[in-house]
Amino acid sequence: MSSIVDRVRQRRLINRQNRAIDRAWMTAPTQSMRDEIAIFAQRRHF
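Notes on the structure follow. What you see is a predicted model; the values in this text were computed from it and never measured.

### Re the overall build of the protein chain
Moving on, step 1. Within the protein chain one finds two helices and zero strands.
Moving on, step 2. Principal axes of the C-alpha set define a box for the protein chain whose edges measure 45 × 20 × 5 Å.
Moving on, step 3. Burial status across the protein chain gives 9% buried among its 46 residues.
Moving on, step 4. Surface accessibility of the protein chain: about 4,300 Å² in total, with carbon and sulfur atoms responsible for 58%.

### As for the pattern of salt bridges
Moving on, step 1. According to the stated counting rule, one finds one salt bridge in the structure shown.
Moving on, step 2. Across the salt bridge formed by D6 and R9, the nearest N and O atoms sit 3.9 Å from each other. Of the two residues, D6 and R9 are both situated in helix α1 (residues 2–27); the distance of three residues between them amounts to about one turn of the helix.

### Examining the environment of I21
Moving on, step 1. Mapped onto the elements, I21 comes out in helix α1.
Moving on, step 2. Between the C-alpha atoms of I21 and S3, which are 18 residues apart in sequence, the distance is 27 Å.

### Description of the environment of E36
Moving on, step 1. Relative to the elements of secondary structure, E36 occurs in helix α2 (residues 31–44).
Moving on, step 2. Considering only alpha carbons, one finds E36 and W25, eleven residues apart in sequence, at a separation of 9.2 Å.

### What about the packing of aromatic side chains?
Moving on, step 1. The full count for this structure, using the stated rule, is zero aromatic pairs.
Moving on, step 2. Between the NZ or CZ atom of R34 and the centre of the ring of W25, over which it lies, the distance is 4.8 Å.

Parameters at a glance
Residues numbered from 1 in each chain as written. Predicted model: local features only at pLDDT ≥ 70, side-chain atom pairs only at ≥ 80, totals over all residues. Heavy atoms only, no water. Helix = DSSP H or I, 4+ residues; strand = E, 2+ residues; numbered from the N terminus. Buried < 20%, exposed > 50% of the residue type's maximum accessible area, 1.4 Å probe, protein only. Areas by Shrake-Rupley, 256 points an atom, 1.4 Å probe, with all protein chains shown as cover. Salt bridge = Lys/Arg side-chain N within 4 Å of Asp/Glu carboxyl O. Phe/Tyr/Trp six-rings, centres within 6.5 Å; stacked < 30°, edge-to-face > 60°. Lys NZ or Arg CZ within 6 Å of the ring centre and 35° of its normal.

Here you go:
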């Protein structure tokens, strides 16, 4: 039972992080900062 709860918590955490990354990407003032955020977002999934 606890594994289901853990999975839900993990999914919520990932969703929160994805929203934070999206916000950071949208508000990034320069293209190079957007590139950095995109690289970080890709690396995080592994």
